[in-house]
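# Observations on chain architecture
Given next are the chains, with one letter for each unit.
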Amino acid sequence: MKVLVLGAGNVGRAIAWDLKDEFDVYVGDVSDEGLNAVSEFATPMKVDASRFDSLVEVMKGFELVVGALPGRFGYQSVKAAIKAGVDMVDVSFMPENPLELRDEAERAQVTVVFDAGFAPGLSHILMGRIWNELDDMREGYIYVGGLPKEPKPPLYYRITWSPKDLIEEYTRPARVIRSGKVTAVDPLSEIKTVEIEGYTFEAFPSDGLRSLLESVRVERLEEWTLRWPGHLEKMKVLRELGFFKPEHLDKTLGVITPLMTYESPDFSIMQVMGAEPDKAISYTLIDEEREFTSMARVTSYTASAVARLVAEGSCIYGVIPPEILGMRIDTFKRILDDLEERGIKPRREGNAPPGNS
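Residues numbered from 1 in each chain as written. Predicted model: local features only at pLDDT ≥ 70, side-chain atom pairs only at ≥ 80, totals over all residues. Heavy atoms only, no water.

## Observations concerning the overall build of the protein
Let me state the cut-off plainly: Secondary structure elements are taken from DSSP: a helix is a run of H or I of four residues or more, a strand is a run of E of two residues or more, and numbering for both begins at the N terminus. Buried, partly exposed and exposed residues are distinguished by accessible area as a fraction of the type maximum, computed with a 1.4 Å probe on protein chains only: under 20%, between the cut-offs, and over 50%, respectively. In what follows, residue pairs with any heavy atoms lying within 4.5 Å of each other are defined as contacts. Per-residue and other accessible areas were derived by the Shrake-Rupley procedure at a 1.4 Å probe size, with only the shown protein chains allowed to occlude residues. Note on charges: Lys and Arg go in the positive column, Asp and Glu in the negative column, and His and the chain ends are not counted at all. In this description, the location of a charge corresponds to atom NZ of lysine, CZ of arginine, CG of aspartate or CD of glutamate.
Counting secondary structure elements, the protein contains 13 helices and 16 strands. Dimensions of the protein, computed from C-alpha atoms along their principal axes, come out at roughly 50 × 50 × 35 Å. Here the protein holds 357 residues, and the buried ones make up 57% of them. Restricting the contact set of the protein to residue pairs at least 6 apart, pairs at least 24 apart contribute 70%. Surface exposure of the protein reaches about 14600 Å², of which carbon and sulfur atoms provide 48%. Counting 42 positive and 58 negative side-chain charges, the protein places the centres of these two groups 2 Å from one another.

## Quick look at the packing of aromatic side chains
To be explicit about the condition: For this analysis, a ring pair means two rings from Phe, Tyr or Trp (six-membered ring only for Trp) whose centres lie within 6.5 Å, classed as stacked if their planes differ by under 30 degrees, edge-to-face if by over 60, and tilted for the remaining angles. Only when the NZ atom of a Lys or the CZ atom of an Arg is both within 6 Å of the ring centre and within 35 degrees of the ring normal do we say a charge sits over the ring.
Under the defined criterion, the tally for this structure stands at 10 aromatic pairs. Seen in terms of ring centroids, Trp-17 and Phe-292 are 5.4 Å apart; in terms of plane orientation they differ by 75°. Their pairing is edge-to-face. With Trp-17 in helix 1 (residues 10-19) and Phe-292 in the loop between strand 14 (280-288) and helix 11 (294-311), the pair connects residues that are 275 residues apart, well separated along the chain. Using a relative accessible area of 31% as the deciding quantity, one classes Trp-17 as partly exposed. Following the ring pairs from residue to residue traces out a cluster consisting of Tyr-199, Phe-201, Trp-228 and Phe-267. Lys-2 extends its terminal NZ or CZ atom over the ring of Tyr-26, reaching a point 4.9 Å from the ring centre.

## A closer look at the UniProt feature "domain: Saccharopine dehydrogenase-like C-terminal" (unreviewed entry) in the protein
To keep things clear, this is the line we draw: UniProt positions are given in the numbering used here, feature names are shortened, and annotations may be inferred rather than shown by experiment.
As annotated by UniProt and renumbered to match this structure, "domain: Saccharopine dehydrogenase-like C-terminal" (unreviewed entry) occupies residues 117-344. Secondary structure across residues 117-344 divides into 36% helix and 27% strand, with the first and last C-alpha atoms of the span separated by 13 Å.

## Notes on the sheet that holds strand 3 (residues 43-46)
Hydrogen bonds between backbone groups are what pair the strands of a sheet, and the pairing can be parallel or antiparallel. Rules: Each pair of strands is called paired provided DSSP finds at least two bridges between the two strands. The axes used here are C-alpha line fits, helices contributing only the stretch in contact, and every angle between their N-to-C directions lies in the interval 0 to 180 degrees.
Here 7 strands make up an open sheet; going across it, the order is 3-2-1-4-5-6-15 and the pairing parallel. Of all the strands in the sheet, just strand 3 and strand 15 (318-320) have a single pairing partner and so form its edges. The sheet shows a mean angle of 20° between the axes of neighbouring strands, direction not considered. Bridge analysis of strand 1 (residues 2-6) against strand 2 (residues 24-29) gives 5 bridges, and the strand direction is parallel. Within strand 2, the residue paired with Leu-4 across the bridge is Tyr-26. Against the sheet, helix 1 makes contact with strand 1, strand 2 and strand 4 (64-67), and its axis sits at roughly 165° relative to strand 1, the strand it touches most.

## Comments concerning the pattern of salt bridges
So the rule is basically this: In what follows, salt bridge is the name for a side-chain nitrogen of Lys or Arg lying within 4 Å of a carboxyl oxygen of Asp or Glu.
Within this structure, the stated rule accounts for 31 salt bridges. Between Lys-79 and Glu-104 there is a salt bridge, with the nearest N and O atoms lying 4.0 Å from each other. Taken together, the positions of Lys-79 in helix 4 (residues 74-84) and Glu-104 in helix 5 (residues 102-107) put the pair 25 residues apart, joining distant regions of the chain. Through salt bridges that share partners, Asp-18, Glu-22, Arg-308, Asp-338, Glu-341 and Arg-342 make up one connected network.

## Notes on helix 13 (residues 329-341)
The line we're drawing: The span you would expect from a helix comes to 1.5 Å times its residue count less one.
With 13 residues, helix 13 should reach 18 Å at 1.5 Å per residue; the first-to-last C-alpha distance of 18 Å fits that figure. Residues Ile-329, Thr-331, Phe-332, Ile-335, Leu-336, Asp-338 and Leu-339 constitute the buried set of helix 13. Buried-residue contacts for helix 13 involve helix 6 (122-133), strand 14, helix 11 and helix 12 (323-327). Within two residues after helix 13, Gly-343 carries a phi angle of roughly 85°, on the positive side.

Spelled out as structure tokens, the structure:
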């Protein structure tokens, strides 16, 4: 099977590397540097994702597309895949709602699984499993972060993904469920301290629930992103001074990106929790940098596990949120088995027995 990975960044390279022994993998990007980095294990090809018609034509030459582009290209890439009649797995964290394309994908007999990375992605898969195992889930929480093990001042963060997508986490209103209703909160208006696995973090509400806002209806549901103490207050000041406005963002990134670009092994941490009056379940994961950065590992290997399911026809036509794969015990086990083979092992705890449905 010919597979096209769109994007030759950290995540795209790791996806291609993980799929190389099972598929005929091509990697598309406009960056010569990125394409040179994948040439040893995939076929590089120049692809400009901003040109919709040419992207459709390129996709027609493949049987599966895996999207690992910045969020601003995600929705257009999914539309292009549907028009080309090609299945797609995407990790781009697009600002648009891909569920709007559900009918179009079904008519084209195309399968699209979106938000198939770490968070959203694995976070949703685990929440879908918890939702399925609990009889009357009332609340759920996702705590997630990708952080340097050796943080350096002044920002105590290391960039391992798209800088513009990082800043968007601090500017996009975070949608949560409170008192049974979807509401939006300022992501930097509620900074709190969180302790997980012996670490102390700052946390802020982030807009990562997305499709969970529709598929998991509970009294309270929130995602909180984790940072080392000292980072968020500085981001809040920069935002309040207008440095994150679109007209200033490129200059701002030119100043702060070097401050968040340095050598330090990274690690990823996630805790997904769900509870009803008498029962609770949680999954906790810590992953460290190995053959790739940890963030590339947890994002890419989740995406490649989902890509294998789509490639073999285990998913129905349409636009599918990742939590559906967690609600199904067969696809849930397949994804976790794939991840555990690669050293990514969520630990389950709780007083509710594992479900079988």
